[in-house]
Amino acid sequence: MNAKNDRHRVLVDAIEKRISTNFYDSSFALSDSVLTELVRLATRAPTAFNLQNWRFIAVRTQEAKKKLWEATGCQPKVLESSATFIICGQLPDHSVLAERLRSSVDAGFMPAAISVQWVQGADALYSERPQMQRDEAVRSAVFGAATLMFAAAAHDLATGAMVGFDPDKVAQEFGLGPNEVPVLLMTVGTAAPGNWPQKPRRPLREVLVFA
Ligand SMILES: Cc1cc2nc3c(=O)[nH]c(=O)nc-3n(C[C@H](O)[C@H](O)[C@H](O)COP(=O)(O)O)c2cc1C
């Protein structure tokens, strides 16, 4: 086995073994430093123009879990998992982009003129276009969430995505700004016995088209 084959096996295993976890070991707690590391890795996901238009709220105290649990129609995994991330996408704002690109310019690989062009590009793409802004918020949050799932897998942690929640209640209880969309929830923890395996997928001939 060479390093390339090892990497292939490890990554494909993570994809093929991931499940949407329903039952968690409620006695298992995660430290804030592990939760922080998961978000550090999640934020390595790409975003348009490197906008990084997201926020991750790690819900892990009993009190905060209870509020979130109520907003999910009382889905037990919110109480039983170690933590649930509220993954928020932010409506893109070109006026913050120059600052977000500054470290790429300072590092010397991005010419300053390109940074200016990207700011103009983001202005042209999103300003006065609410649907496009919302789409971008959702795209960024989903890339962040998917990367968080595999960051968790790298730590031997189980995850589950959830859309079954009241977004207005979540926004109100957790102080989301008017520019923030609670795109999805992601439970994290150690799986308890009884979870289903990954479900079979539709045949590729139904979902793959070559053009
Ligand atoms: C965007 C999204 C939202 C989901 N919302 C919920 C949810 O609210 N509650 C739940 O029990 N499962 C939820 N799921 C889990 C799906 O039912 C699950 O991913 C799907 O059945 C495939 O399961 P598998 O990945 O384990 O094969 C959600 C999954 C995704 C991707």
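Before any of the text, the structure's been laid out above.
**Q** I'm lost on the packing of aromatic side chains in this one. Help?
**A** Each aromatic ring pair is summarised here by two numbers: the centre-to-centre distance and the angle between the ring planes. Inspection of every chain in the model, using the stated rule, returns 3 aromatic pairs. A ring pair is formed by Phe-49 and Tyr-126, whose centres lie 6.1 Å apart and whose planes are at 80°; its orientation type is edge-to-face. Residue Phe-49 is located in the loop between helix H2 (32–42) and strand E1 (54–59), and its partner Tyr-126 is located in helix H6 (residues 112–126); the two are separated by 77 residues in the primary sequence. Here Tyr-126 falls in the buried class, since its relative accessible area comes to 2%. Among the aromatic residues, those joined into a cluster by ring pairs are Phe-49, Trp-118 and Tyr-126.

**Q** What is the right way to look at the layout of surface pockets in this model?
**A** One simple way to see leftover space: roll a probe sized like a water molecule over the atoms. Its boundaries defined by the atoms lining it, the largest pocket holds a volume of some 450 Å³. Taken together, 18 residues form the lining of the largest pocket, with Ala-14, Lys-17, Arg-18, Ala-153 and Leu-157 sitting closest to its centre. In terms of residue count, helix H1 (residues 3–17) provides more of the lining of the largest pocket than any other element does, 6 residues in total. Classifying every residue of the lining of the largest pocket gives 12 nonpolar, 2 polar and 4 charged. Space inside the second largest pocket adds up to approximately 190 Å³. Forming the boundary of the second largest pocket are Arg-18, Ile-19, Ser-20, Asn-22, Phe-23, Gly-194, Asn-195, Trp-196, Pro-197, Gln-198, Lys-199 and Arg-201. When the residues that make up the lining of the second largest pocket are grouped by side-chain class, the tally is 4 nonpolar, 5 polar and 3 charged.

**Q** Teacher, can you tell me more about unusual backbone geometry here?
**A** Generally, phi is negative for residues other than glycine and the peptide bonds are trans, each holding for most cases. Although it is not a glycine, Asn-50 adopts a positive phi angle of roughly 55°. Relative to the assigned elements, Asn-50 resides in the loop between H2 and E1. Judged by relative accessible area, which is 30%, Asn-50 ranks as partly exposed. At Glu-128, a position not held by glycine, the phi torsion is positive, near 65°. Relative to the assigned elements, Glu-128 resides in the loop between H6 and helix H7 (130–154).

**Q** Help me out: how do you make sense of the side chain of Ser-115 in this one?
**A** Examined against the element boundaries, Ser-115 turns out to sit in helix H6. Ser-115 gets classed as buried once you look at its relative accessible area, which sits at 8%. Among residues more than four places away in sequence, those in contact with Ser-115 are Ala-98, Leu-101, Val-105 and Met-110.

**Q** Quick question: what am I supposed to make of helix H5 (residues 97–106) here?
**A** One full turn of an α-helix is made of 3.6 residues, so residues set three or four places apart face in the same direction. Every buried residue of H5 is accounted for by Leu-97, Leu-101 and Ser-104. Taken end-on, H5 shows its buried residues confined to a sector of 30°, consistent with a single buried face. The exposed residues of H5 that point more than 90 degrees off its buried face are Ser-103 and Asp-106. Elements in contact with the buried residues of H5: H6.

Rules of the game
- Every chain is numbered on its own, with residues counted from 1 as its sequence reads.
- Where local features are concerned, this predicted model is filtered to residues with pLDDT of at least 70; where side-chain atom pairs are given and counted, the filter is 80 or more; whole-chain, interface and lining totals use all residues.
- Derived side-chain values reflect all non-hydrogen atoms in the structure, with water molecules and hydrogen atoms excluded from consideration.
- Each Phe, Tyr or Trp ring (for Trp, its six-membered ring) is paired with any other whose centre lies within 6.5 Å, and the angle between the two planes then decides the class: stacked below 30 degrees, edge-to-face above 60, tilted in between.
- Numbering goes from the N terminus for both helices and strands, where a helix is a DSSP run of H or I of at least four residues and a strand is a run of E of at least two.
- The buried label applies to any residue whose accessible area, calculated with a 1.4 Å probe on protein chains only, is under 20% of its type's maximum; exposed applies above 50%, and partly exposed to all values in between.
- Note on definitions: the grid is 1 Å and covers protein atoms alone; a cavity is a set of points where a 1.4 Å probe fits but cannot get out; a pocket is an open set with protein on both sides within 12 Å along at least five of seven lines; lining residues have an atom within 4 Å of a point.
- Grid points are joined across faces, edges and corners, and a volume is the space filled by probe spheres set on the points.
- All amino acids are sorted into three groups, where Ala, Val, Leu, Ile, Met, Phe, Trp, Tyr, Cys and Pro are nonpolar, Asp, Glu, Lys and Arg are charged, and the leftover types, Gly among them, are polar.
- Working rule for contacts: check all heavy atoms of both residues, and any pair within 4.5 Å makes them a contact.
- The arc under discussion is defined with respect to the helix axis, by the directions toward the C-beta atoms.

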